[in-house]
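Commentary on secondary and tertiary structure
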Amino acid sequence: MRSRKDRISMHEMSFPVVRSGATPLISGTNSDYKVVVLGAGGVGKSSVTVQFVQGVYVESYDPTIEDSYRKQIEIDGRQCDLEILDTAGVAQFTAMRELYIKSGKGFLLVYSVTDENSLKELLALRDQVLRIKDSDSVPMVLIGNKCDLEEDRVLSIDDGLQVSQEWGMVPFYETSAMYKTNVDEAFVDVVRQIMRKEAELSEEKKQQKLQKQAEAGPDAPAGAAEAEPASQTVAEKRRSRQRSVATEGHKSKCCTIM
Ligand SMILES: Nc1nc2c(ncn2[C@@H]2O[C@H](COP(=O)(O)OP(=O)(O)OP(=O)(O)O)[C@@H](O)[C@H]2O)c(=O)[nH]1
Ligand SMILES: [Mg+2]
């Protein structure tokens, strides 16, 4: 159990974070795992995130505009670079939500077990994620935070489980940012889901490529199904690119300039 002395107020800490609207949110970097933390105001999104990234509990409440964190962890023997976006829950700061969702690969949907409305808000948030991602299998974890506050609890474990079932068995964790209960587990879970999804996508791509090769016929040279011959030199590529540019005006709009 953490003593009060271990807890640090958010104002006393210097975060390695990008903070506020002027800075790129989830930046254009190629960080492998972009995880977005979503939920209503005050449910503990920042506390859970800071506990995961820095191992400290933030006792004070300072509504987030946006904070971004980086953390490297090893999962199943693989080094994973995580970029975590801690988003605003308070309505006046949520304008950028759509943008965050677009660039995120995995999502932590957080409610508080002490706030019934916070779970209701998640239903709309999840719909927004699925709509923007145009998919019904988005890497996601449902989190019921503040499970240490037994006396203030208004939502039971069963309430969380029921929502998880309604969402197609989305992994569900009750967490306590204060005591670091299930915090690492929830983040690791969503990263594993992203890994799985990426493995499936790359397998799909491989199969499509094989199918194209098969359709091109047995006599076709290897790589014939690809857009560009593998043997093309840099100079040849440049010449063909110039040709593409020169003739672009006469071609249909779907001309691709590599
Ligand atoms: N007891 C208890 N308090 C918590 C827990 N998590 C967060 N809190 C407290 O709840 C308050 C709000 O926490 P935040 O992490 O700032 O909430 P948030 O979801 O980031 O809020 P917004 O940024 O406004 O959306 C703070 O005072 C935290 O100390 C928890 O697991 N247990
Ligand atoms: Mg916050």
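By the naming in an unreviewed UniProt entry, the chain goes by Ras-related protein RSR1 and is assigned to Meyerozyma guilliermondii. Of the chain, the UniProt comment under Catalytic activity (unreviewed entry) reads exactly: "GTP + H2O = GDP + phosphate + H(+)". In UniProt, the chain has this text filed under Sequence similarities (unreviewed entry): "Belongs to the small GTPase superfamily. Ras family."

For ligand 1, the set of nearby residues contains 25 residues, the closest of which are K45, S47, E59, Y61 and A177. One of the side-chain nitrogen or oxygen atoms of T64 is found 2.8 Å away from an oxygen atom of ligand 1. Contacts to ligand 1 include A177, whose backbone N or O atom sits 2.7 Å from an oxygen atom. For ligand 1, whose accessible area on its own is 650 Å², the fraction buried by protein is 93%. Tallying contributions element by element places helix 1 (residues 45–54) first for the shell around ligand 1, with three residues. Residue classes in the shell around ligand 1 are distributed as eleven nonpolar, ten polar and four charged.

Further remarks concern the coordination of the magnesium ion (ligand 2). Around a metal, the ideal angle is 109.5 degrees if four donors adopt a tetrahedral arrangement and 90 or 180 degrees if six donors adopt an octahedral arrangement. Those donors, S46 (OG) and T64 (OG1), are the protein atoms that reach the magnesium ion (ligand 2), and they lie 2.0 Å from it. In this pair, S46 sits in helix 1 while T64 sits in the loop between helix 1 and strand 3 (66–75), placing the two residues 18 residues apart along the sequence. Judged on exposure class, the residue S46 and its partner T64 are both buried.

Here the focus is the pairing of strand 2 (residues 33–39). Side-chain direction in a regular strand flips from residue to residue, so the side chains alternate between the two faces of the sheet. Counting buried positions over the seven residues of strand 2 gives seven, a clear majority of the element. Burial along strand 2 is two-sided: the face carrying Y33, V35, V37 and G39 and the face carrying K34, V36 and L38 are both buried. Alignment of strand 2 against strand 4 (residues 78–87), held across five bridges, turns out to be parallel. In the strand pairing of strand 4, V35 is matched with I84. Sheet analysis places strand 2 next to strand 5 (residues 106–112), joined by five bridges and oriented parallel. Residue pairing across strands places L38 opposite L109, the latter belonging to strand 5.

Right, let's talk about helix 3 (residues 116–133) for a bit. Each turn of an α-helix holds 3.6 residues, which means side chains three or four residues apart point in the same direction. With 18 residues, helix 3 should reach 26 Å at 1.5 Å per residue; the first-to-last C-alpha distance of 27 Å fits that figure. All of the buried residues along helix 3 are S118, L119, L122, L125, R126, Q128, V129, L130 and I132. On the buried face of helix 3, the contacting elements are strand 2, helix 2 (97–103), strand 5, strand 6 (140–145) and helix 4 (157–166). Measuring from the side-chain oxygen of the N-cap residue of helix 3 to the backbone nitrogen of N117 gives 3.1 Å; that N-cap residue is D115. Taken from the residues just after helix 3, D134 is the one with a positive phi, measuring 50°.

Buried within helix 4 we find G160, V163 and S164. Along helix 4, the residues classed as buried sweep out an arc of 100° about the axis, all on the same side. Exposed and facing more than 90 degrees away from the buried side of helix 4 are D158, Q165 and E166.

Moving on, we get to unusual backbone geometry. Leaving glycine aside, a negative phi is the common case for residues, and trans is the common case for peptide bonds. Despite not being glycine, D76 has its phi angle at roughly 50°, a positive value. Position of D76 among the secondary structure elements: in the loop between strand 3 and strand 4. What makes D76 exposed here is its relative accessible area of 56%. Residue N182 is not a glycine yet carries a positive backbone phi of 60°. Position of N182 among the secondary structure elements: in the loop between strand 7 (172–174) and helix 5 (183–216). By relative accessible area, which is 28% here, N182 ends up partly exposed.

Analysis parameters
- Residues numbered from 1 in each chain as written.
- Chains lettered and ligands numbered in written order.
- Predicted model: local features only at pLDDT ≥ 70, side-chain atom pairs only at ≥ 80, totals over all residues.
- Heavy atoms only, no water.
- UniProt positions renumbered as here; feature names shortened; annotations may be inferred.
- Near = heavy atom within 4 Å.
- Polar contact = N/O pair within 3.5 Å; in protein donor to acceptor, adjacent residues only side chain to side chain.
- Areas by Shrake-Rupley, 256 points an atom, 1.4 Å probe, with all protein chains shown as cover.
- Helix = DSSP H or I, 4+ residues; strand = E, 2+ residues; numbered from the N terminus.
- Nonpolar A, V, L, I, M, F, W, Y, C, P; charged D, E, K, R; others polar.
- Donors = N, O, S within 2.8 Å, 3.2 Å for Na, K, Ca; no water.
- Buried < 20%, exposed > 50% of the residue type's maximum accessible area, 1.4 Å probe, protein only.
- Pairing = 2+ DSSP bridges.
- Expected span 1.5 Å × (residues − 1).
- Contact = heavy atoms within 4.5 Å.
- Arc of directions from axis to C-beta.

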